Structures are given as C-alpha cells and as structure tokens.
Amino acid sequence: MVDDLSLHPKYPVRTERLHLRPLTAADTDALLAYRSLPEVCRYVPFAPMDKAVIADRLAGMWSVTTLTDEGQALTLGIELATTGELVGDVVLFFHSRAHRGGEIGYVVNPSFEGNGYATEAARALLKLGFEDLGLHRIIGRIDERNKPSAKVLRRLGMREEARLVRNEWFKGEWSTELDFAMLAEEWQAQR
C-alpha cells in the first residue's frame, strides 16, 4: 500500500465557503498583497516577497498540482467561493513515503483574518492528506509566538506534541517551536 501513495485532486477542491485551486500568474497581485508584508512573514520560513520571487515560485514549486512522491509540496490558493477573491494559500508537504508522513501550512491575507478561512482550508488539506493521499500522520510546526496559528491547529483537532525551546536560529533570533500532529485514525474519529 505504501507504494501506491499519490494525490491527484479534482480542482477546485470545494469547502463550504472556499475553493482551493492551483495558483496562476493572474494571482500575482493578490499574492503580493500579503506575501510582501513583514508582519505576515514574521513567523513563516520565507522573507517578504516581491513580484520576481512570486513569479519564480509560480513557475516552479507552486506549479505542482499533484503529489506523487516524498519531498513534494502542493500549494493551493484559498479563493472565496462567492467572489473569487484570493485570500491566502495553503500547502501540503509529502515528507515520507515509508512513514506516510506529511505537514500542512497556511498563510492568509490580514485583510481576511478572523473569518475562519485558514481553519476551513487547512481542514480540506487534512482531508486530502488522509483520505486521498493515504497519509498516516500529518504535522503542523509553528513558532510559539504565533498564537493565531496555534489556535488554527487546535481547532483542527491536532494535538500539541512538543515544545522545542529555542531550537532553531530563525530570522536573527532563537525560536521556540511548537509541534502539533494528527493521525489518520484521529482524523477518522472526528469525522
């Protein structure tokens, strides 16, 4: 069964209020509106982006639309179903075929924060990871100071498993990492 792991989503992936879909060059300005902001990038592993970086990502890593092997990542835009506005993006990393492990991440434009979009989109990624890809375990890793992100992971039903005190030199300072996780059987139990 481990050899059969792959994910080929039908787009858009629909939730109650959102459509998750591959990013395109038409999304450049919407991506720039939040991925260029220092406060958005504070606790995530990338620096504020300009149009050139966004264009490079759109042509490279963000162009992936399926997951067929470990080491790959699927980044999808979070689009409001009612208006078509891009309000953020989510990522599902396929870390290990042998251990059937993955990771989720999310970024939302501050103009749209507080509406539950990160939680709703991340829940759709958990569904893709567990039910469609066949992962056994999905994690979420965050900087301890990123309180809104911790709330998202807890709302998803992920359990906090570790607090790694000042474990990583991150953006010029030591960062304490919180690790959250969920197993496939826990996902099924909450469905």
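Source: prediction; values computed, not measured. (Residues numbered from 1 in each chain as written. Predicted model: local features only at pLDDT ≥ 70, side-chain atom pairs only at ≥ 80, totals over all residues. Heavy atoms only, no water.)

A.B. asks: Quick question: what am I supposed to make of the overall build of the protein here?
C.D. replies: Along the backbone of the protein there are six helices and eight strands. When the helices and strands of the protein are placed in sequence order, the string is β-β-α-α-α-β-β-β-α-β-α-β-β-α. Here the C-alpha radius of gyration of the protein, 16 Å, is about what a compact globule of 191 residues would show, namely 16 Å. Every one of the 191 residues in the protein was classed for burial, and the buried ones make up 47%. (Helix = DSSP H or I, 4+ residues; strand = E, 2+ residues; numbered from the N terminus. Rg over C-alpha atoms; globule rule 2.2 N^0.38 Å. Buried < 20%, exposed > 50% of the residue type's maximum accessible area, 1.4 Å probe, protein only.)

A.B. asks: What is the right way to look at the sheet that holds strand E5 (residues 101–108) in this model?
C.D. replies: Strand pairs in the sheet, formed through backbone hydrogen bonds, run parallel or antiparallel to each other. The sheet built from eight strands is open, its strands ordered E1-E2-E3-E4-E5-E6-E8-E7 with mixed pairing. Pairing within the sheet leaves two strands with one partner each, and these edge strands are strand E1 (13–14) and strand E7 (159–170). Judged from the eight bridges that link them, strand E3 (residues 72–80) and strand E4 (residues 86–96) form a sheet pairing that is antiparallel. Directly across from Gln-72, in E4, lies its bridge partner Phe-94. The strands touched by helix H1 (residues 28–35) within the sheet are E4 and E5, with E4 carrying the most contacts at an inclination of about 85 degrees. (Pairing = 2+ DSSP bridges. Contact = heavy atoms within 4.5 Å. Axes fitted to C-alpha atoms, helices over the stretch in contact; angles between N-to-C directions.)

A.B. asks: Which parts of the structure should I look at to understand the pattern of salt bridges?
C.D. replies: Applying the stated rule across the entire model yields 17 salt bridges. In this structure, Arg-35 and Asp-89 form a salt bridge, with 2.7 Å as the shortest nitrogen-oxygen distance. Residue Arg-35 is found in helix H1, and its partner Asp-89 is found in strand E4; the two are separated by 54 residues along the sequence. Each member of the pair, Arg-35 as well as Asp-89, is classed as buried. The residue Glu-186 makes a salt bridge to Arg-159 at a minimum N-O spacing of 2.5 Å. Of the two residues, Glu-186 is situated in helix H6 (residues 184–190) and Arg-159 in strand E7; the sequence distance between them amounts to 27 residues. Assessed through its relative accessible area of 29%, Glu-186 is described here as partly exposed. Under the relative-accessibility criterion, Arg-159 is labelled partly exposed at 27%. Via salt bridges that share partners, Arg-42, Asp-143, Arg-145 and Glu-173 belong to a single interconnected network. (Salt bridge = Lys/Arg side-chain N within 4 Å of Asp/Glu carboxyl O.)

A.B. asks: Mind showing me how you'd approach the packing of aromatic side chains here?
C.D. replies: To describe a pair of aromatic rings, you give the distance between the ring centres and the angle between the ring planes. Overall, the coordinates contain two aromatic pairs when judged by the stated rule. Measuring from centroid to centroid gives 5.3 Å for Trp-169 and Trp-174, while their planes differ by 75 degrees, and the two rings are edge-to-face. Taking the relative accessible area as the measure of exposure, Trp-174 reaches 41% and is therefore partly exposed. (Phe/Tyr/Trp six-rings, centres within 6.5 Å; stacked < 30°, edge-to-face > 60°.)

A.B. asks: Hey, could you run me through unusual backbone geometry in this one?
C.D. replies: Outside of glycine, negative phi angles account for most residues, and trans bonds account for most peptide bonds. Residues Tyr-11 and Pro-12 are joined by a peptide bond in cis, for which omega reads -5 degrees. Although it is not a glycine, Arg-166 sits at a positive phi angle of roughly 45 degrees. With respect to the helices, strands and loops of the structure, Arg-166 is situated in strand E7.

A.B. asks: Can you help me understand H1 in this one?
C.D. replies: Residue pairs three or four apart in sequence face the same way in an α-helix, which turns once every 3.6 residues. Listed in full, the buried residues belonging to H1 are Thr-28, Leu-31, Tyr-34 and Arg-35. The buried residues of H1 occupy an angular sector of 145 degrees when projected down its axis, which confines them to one face. In this fold, the buried residues of H1 make contact with helix H2 (38–41), helix H3 (51–59), E4 and E5. (Arc of directions from axis to C-beta.)

A.B. asks: Looking at this structure, I do not really get the environment of Phe-130. What am I missing?
C.D. replies: Of note, Phe-130 is situated in helix H4 (residues 117–133). Between the alpha carbons of Phe-130 and Ala-184 there is a distance of 5.8 Å; along the sequence they are 54 residues apart. Residues contacting Phe-130, with those up to four places away along its chain left out, are Leu-135, His-136, Arg-137, Ile-138, Met-182, Leu-183, Ala-184 and Trp-187.

Interpretation note: all reported values are geometric properties and have no functional meaning in isolation.
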